[in-house]
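Analysis of the macromolecular model
For reference, the chains in residue letters:
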Amino acid sequence: MNQLARCDLHCHSTESDGTLTPRQLVELARDLNLRSLSLTDHDTIAGVEEAKKAGEELGVRVLSGVEISVEYAGKTVHMLGYCFDAGAAKLQEELERLVRGRNERNVKIVQRLNELGLAVTLEEVEAEAGGKVVGRPHIARVLLRHGYVQTWEEAFDKYLARGAAAYFERLRFTPHDAVALIREAGGVAVLAHPKYVALHEGETLDDIVQSLVQAGLEGIECYYTEHTPEETAQYIELAKRYNLVITGGSDFHGDVKPEISLGSGTGALFIPDECADALVERARRHESKCG
Ligand SMILES: [Zn+2]
Ligand SMILES: [Zn+2]
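To start, this report covers the structure provided alongside it. (Residues numbered from 1 in each chain as written. Chains lettered and ligands numbered in written order. Predicted model: local features only at pLDDT ≥ 70, side-chain atom pairs only at ≥ 80, totals over all residues. Heavy atoms only, no water.)

Remarks on the nonpolar core
By size, the foremost hydrophobic cluster in this structure holds 53 residues, and its most contacted members are Ile 68, Met 79, Leu 191 and Leu 279. Core analysis: the next-biggest nonpolar cluster, separate from the first, contains 19 residues, Leu 118, Ile 139, Leu 143 and Phe 156 among them. (Core = buried A, V, L, I, M, F, W, Y, C linked by side-chain atoms within 4.5 Å. Buried < 20%, exposed > 50% of the residue type's maximum accessible area, 1.4 Å probe, protein only.)

Details of the coordination of the zinc ion (ligand 1)
Distances from the zinc ion (ligand 1) to its protein donors, Glu 67 (OE), His 78 (ND1) and His 193 (NE2), fall at 2.1 Å. Read from N- to C-terminus, the donor residues coordinating the zinc ion (ligand 1) fall into the pattern E-x10-H-x114-H. A separation of 3.5 Å is found between the zinc ion (ligand 1) and the zinc ion (ligand 2), which share Glu 67 as a coordinating residue. Taken as a pair, His 78 in strand 5 (residues 75–82) and His 193 in the loop between strand 6 (188–191) and helix 8 (205–215) lie far apart in primary sequence, 115 residues in all. Owing to a relative accessible area of 7%, His 193 belongs among the buried residues under this scheme. (Donors = N, O, S within 2.8 Å, 3.2 Å for Na, K, Ca; no water. Helix = DSSP H or I, 4+ residues; strand = E, 2+ residues; numbered from the N terminus.)

Some words on the pattern of salt bridges
Enumeration over the complete set of coordinates arrives at 21 salt bridges. For Glu 184, the salt bridge is made with Lys 90, and the minimal N-O distance between the two is 2.9 Å. Remark: Lys 90 occurs in helix 3 (residues 88–115) and Glu 184 occurs in helix 7 (residues 175–184); sequence separation between them is 94 residues. For Glu 184, a relative accessible area of 56% puts it in the exposed group. Residue Lys 90 is classed as partly exposed on the basis of its relative accessible area of 44%. A salt bridge links Arg 162 to Glu 169, with the shortest nitrogen-to-oxygen separation between them at 3.0 Å. Ionic contacts of the salt-bridge type, sharing partners, join the residues Glu 71, Arg 162, Glu 169, Arg 170 and Arg 172 into one network. (Salt bridge = Lys/Arg side-chain N within 4 Å of Asp/Glu carboxyl O.)

As for the coordination of the zinc ion (ligand 2)
In this structure, His 10 (NE2), His 12 (NE2), Glu 67 (OE) and Asp 251 (OD) serve as the protein donors to the zinc ion (ligand 2), at separations of 2.1 to 2.2 Å. Classification of the site at the zinc ion (ligand 2) rests on its 4 donor atoms, whose angles at the metal span 82 to 172 degrees, yielding the label irregular. Binding-site remark: the zinc ion (ligand 2) is held by donors from one chain whose sequence spacing is H-x1-H-x54-E-x183-D. Given a relative accessible area of 1%, His 12 falls into the buried group. Look at Glu 67 and you get buried, because its relative accessible area is 1%. (Tetrahedral: all angles 85-135°; square planar, octahedral: opposite > 155°, others 65-115°.)

Considerations on unusual backbone geometry
Here the phi dihedral of Asp 43 falls at roughly 55 degrees; this positive angle occurs in a residue that is not glycine. Non-glycine residue Asn 243 carries a positive phi angle of around 55 degrees. Summarising the element assignment, Asn 243 is placed in the loop between helix 9 (229–241) and strand 8 (245–249).

Focus: the packing of aromatic side chains
Overall, the coordinates contain 1 aromatic pair when judged by the stated rule. Relative to Phe 156, the ring of Trp 152 lies with its centre 5.6 Å away and its plane at 35 degrees, an arrangement referred to as tilted. Of this pair, Trp 152 and Phe 156 both sit in helix 6 (residues 152–160), 4 residues apart, which is roughly one turn of that helix. Its relative accessible area of 32% is what places Trp 152 among the partly exposed residues. (Phe/Tyr/Trp six-rings, centres within 6.5 Å; stacked < 30°, edge-to-face > 60°.)

Section: the packing of helix 1 (residues 22–31) against helix 2 (residues 48–58)
Closest axis-to-axis distance for the helix 1/helix 2 pair is 8 Å, and the angle between their directions is 35 degrees. Between helix 1 and helix 2 the crossing geometry is right-handed. Along its contact with helix 1, which presents Pro 22, Arg 23, Val 26, Glu 27 and Arg 30, the element helix 2 presents Glu 50, Ala 51, Ala 54, Gly 55, Glu 57 and Leu 58. Residue classes in the contact of helix 1 with helix 2 are distributed as 5 nonpolar, 1 polar and 5 charged. (Axes fitted to C-alpha atoms, helices over the stretch in contact; angles between N-to-C directions. Left-handed = near helix turned anticlockwise from the far one by under 90°. Contact = heavy atoms within 4.5 Å. Nonpolar A, V, L, I, M, F, W, Y, C, P; charged D, E, K, R; others polar.)

Focus: the environment of Ala 189
Looking at the element boundaries, Ala 189 is found in strand 6. Separated by 91 residues in sequence, Ala 189 and Val 280 place their C-alpha atoms 12 Å apart.

These figures capture arrangement, not role.
Quick look at the structure:
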């Protein structure tokens, strides 16, 4: 076993908000001598097949992956899913339902704003988002640009916040929903960058991890570009306490975040390839359970 073998289990392609195609990411992984790679685009697995094919060709082990946005304690939390090959179609369907829910809400908000006499178009809002997932922040920016509001806060208070004039609910997933979804697809559910997990008042990271483990969580992203060595150690400790897989990734996005490099983050990141081994091993256990 090569002690220095490394991997990167968290990156984004042009299928979400990255600037490299899935194939280009695998090529870069090969050039950097990464043993394994997982493409974890936001709310889509559309690039996974291309990445896997490139991996077979180029000698990089590619694990299927996804990063799902969910809501917890009023904030966005990210959940990672890995090695879900067999159930990928159902997973993709559910993710599309999630994205569709968001898009349908944007249409409703813009319609209501028009009814209120504010000349805003969906095209403008989409242009503001620049190819990323379109949401209320982009609508707020368009309202600001038109001078319909003086501040960002005013845009939310008057029109976009819950209970305001142009607010609409949308389909939301909880972290527990995401865990269930990933597990149903035969995958391994992992809590992404715990440093950024939102908590309810008085709640600790340990509390939420415990509750997610009961729902089927099997891993924690311990190695991460923005984690300090102390935080990494703390998360590894937490993962061990619950017998969870330790994973890691750079969250590489290409040119939109040029300070982050694939495999090494801002320089100090090192993710042992055992992380990828452990994910594959967990996924295998699911299969044997299913007979
Ligand atoms: Zn994330
Ligand atoms: Zn990410």
